[in-house]
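Fold and contact review
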Amino acid sequence: DFCLSRGLGDVYKRQVTSIILMLGCSSHSVKESSITARELGNSIELTVPASKVKMTIPKLEFVKQNNSGNSYRYFYYWDTNEQLGISGWFEPQSLYKGAQFHWEQFLAKWKGNQPTNVTFEKLNNWEVIRYNIDVQGCSQSNAKAFRVQNETWLEIHVSSFCKDGSEQADIIDFIQKISVENKL
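The structure reproduced in this document is the subject of the present report.

Definitions and limits used
Along each chain, numbering runs from 1 in the same order as the chain's sequence is written. pLDDT decides what is reported in this predicted model: residues at 70 or higher carry local features, side-chain atom pairs at 80 or more are listed and counted, and totals for whole chains, interfaces and linings draw on all residues regardless. The basis for every side-chain value is the complete set of heavy atoms in the structure, and neither hydrogens nor water enter the calculation. Per-residue accessibility, obtained with a 1.4 Å probe over protein chains only, is compared with the maximum for each type, and a residue is labelled buried under 20%, exposed over 50%, and partly exposed between these values. Helix numbers and strand numbers start at the N terminus; a helix is a DSSP run of H or I with at least 4 residues, a strand a run of E with at least 2. Two strands qualify as a pair provided that DSSP identifies no fewer than 2 bridges between them. A contact between two residues is defined here by any heavy atoms of the two lying within 4.5 Å. Between the N-to-C directions of two axes lies an angle of 0 to 180 degrees, each axis being a line fitted to C-alpha atoms and, for a helix, fitted only over the stretch in contact. Definition used for salt bridges: Asp or Glu carboxyl oxygen within 4 Å of a side-chain nitrogen of Lys or Arg. What is meant by a nonpolar core is a set of buried Ala, Val, Leu, Ile, Met, Phe, Trp, Tyr and Cys residues, joined one to another through side-chain atoms within 4.5 Å. Note on aromatic contacts: the rings of Phe and Tyr and the six-membered ring of Trp form a pair at centre separations within 6.5 Å, being stacked when their planes are under 30 degrees apart, edge-to-face when over 60 apart, and tilted otherwise. Charge-over-ring contacts are defined here by two conditions on Lys NZ or Arg CZ: a distance within 6 Å of the ring centre and an angle within 35 degrees of the ring normal.

1. Digging into the pairing of strand β10 (residues 152-160)
In terms of burial, β10 is a largely internal element, 8 of the 9 residues being buried. Here strand β6 (residues 84-92) runs beside β10; their pairing, made up of 9 bridges, is antiparallel. Residue Gly88 lies in a different strand from β10, and its bridge partner there is Ile156. As judged from the 9 bridges shared by strand β9 (residues 138-149) and β10, these two strands associate in the antiparallel manner. Looking at the pairing, Ala143 lines up with Val158 of β10. Following β9, the chain reverses through 2 residues before pairing antiparallel with β10; Asn150 in that reversal takes a positive phi of roughly 50°.

Here is the structure:
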């Protein structure tokens, strides 16, 4: 199991044994729990050293965005040309409670326009929730996707913003191009 999860506050609020967890975490475990990214030609490989999986996403013209205080295992990339973004987390499998549960938590915290056209579907080994958000007269395409593999829960959020005079990027096509593999 990973030592830290989605930022210290979230885990410790949920855990009765937070003091024990904090005492059991060292600076080494923080390093072992931090996201790493490396560019491999036309792709970006993401992993957490403590995880048993790695995820590879198409590179496109992605630029890494500021973590802004989120979890050690949070990542966020944005492609200005495609108006496409991907963000997400690597988490211990034990924290995953199902797509419906995590969707309801998202909705409880969401302060923007309500999602429309919400659909739940399976896509390869991902549980995907597709939805639109109306932003300044445009219906922005979004997908939250969840996957559990080899004791790791992956959660990603892919957004395609409106572009003047052209179509939005196909978020489902993008998710299909993501590979998740067990580490050797």
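2. A word on the sheet that holds strand β4 (residues 63-64)
Each strand in a sheet pairs with another by means of backbone hydrogen bonds, the pair being arranged parallel or else antiparallel. Ordered by their spatial adjacency, 7 strands build an open sheet running β4-β5-β6-β10-β9-β8-β7, and the pairing between neighbours is antiparallel. On the outer flanks of this sheet lie β4 and β7 (116-123), each paired with one strand and no other. Pairing of strand β8 (residues 126-135) with β9 involves 9 bridges; the strand directions are antiparallel. When the sheet's bridge partners are listed, Glu127 is paired in β9 with Phe146. Docked against the sheet, helix α4 (residues 99-109) engages β7, β8, β9 and β10, running at close to 25° with respect to β8.

3. So, the environment of Val53
Considering the arrangement of structural elements, one finds Val53 in strand β3 (residues 53-58). Non-local contacts of Val53, meaning those with residues more than four positions away in its chain, are made with Thr47, Phe90, Gln149, Asn150, Thr152, Val180, Glu181, Asn182 and Lys183.

4. A short note on the sheet that holds strand β2 (residues 43-47)
The 4 strands are arranged β1-β2-β3-β11 in an open sheet whose pairing can be described as antiparallel. Unpaired on one side and paired on the other, β1 (36-40) and β11 (179-182) mark the two borders of the sheet. Mean inter-strand twist for the sheet, computed between neighbouring axes without regard to direction, equals 25°. Pairing geometry for β3 and β11, over 4 bridges, is antiparallel. The residue of β11 that forms the bridge with Thr56 is Ser179.

5. Things to note about the pattern of salt bridges
Pairing between side chains becomes possible if they bear opposite charge and their charged atoms approach one another. This model, assessed by the stated rule, comprises 9 salt bridges. Between Arg130 and Glu121 there is a salt bridge whose closest N-O contact spans 3.0 Å. Among the residues examined, Arg130 registers a relative accessible area of 33% and is labelled partly exposed. Between Glu155 and Lys144 there is a salt bridge whose closest N-O contact spans 3.6 Å. In this pair, Glu155 sits in strand β10 while Lys144 sits in strand β9, placing the two residues 11 residues apart along the sequence. One exposure class covers both Glu155 and Lys144, and it is buried.

6. Quick notes on the nonpolar core
In terms of nonpolar packing, the biggest core is built from 27 residues, with Met55, Ile57, Ile86, Trp126 and Ile156 touching the most fellow members. Of all the secondary-structure elements, those providing two or more residues to this core are β2, β3, β5 (74-79), β6, β8, β9, β10 and α5 (171-176). The element best represented in this core is α5, accounting for 4 residues. Ignoring sequence-local partners within four residues, the contact set of Met55 consists of Ile44, Glu45, Leu46, Phe75, Phe90, Trp126, Leu154, Ile156, Ile178, Ser179 and Val180. If you look at the next biggest cluster of nonpolar residues, it comprises 10 residues, including Leu95, Trp103, Ile133 and Trp153.

7. Remarks on the packing of aromatic side chains
As enumerated under the stated definition, the model contains 10 aromatic pairs in all. Relative to Tyr131, the ring of Phe106 has its centre 5.9 Å away and its plane inclined at 45°; by these criteria the two rings are tilted. With Phe106 in helix α4 and Tyr131 in strand β8, this residue pair connects regions lying 25 residues apart in the sequence. Exposure remark for Phe106: the relative accessible area of 17% places this residue in the buried category. For Tyr131, a relative accessible area of 2% corresponds to the buried category. Pairwise contacts between aromatic rings join Trp103, Phe106, Trp110 and Tyr131 into one cluster. Sitting above the plane of the Phe106 ring, Lys144 keeps its charged end 4.6 Å from the centroid.

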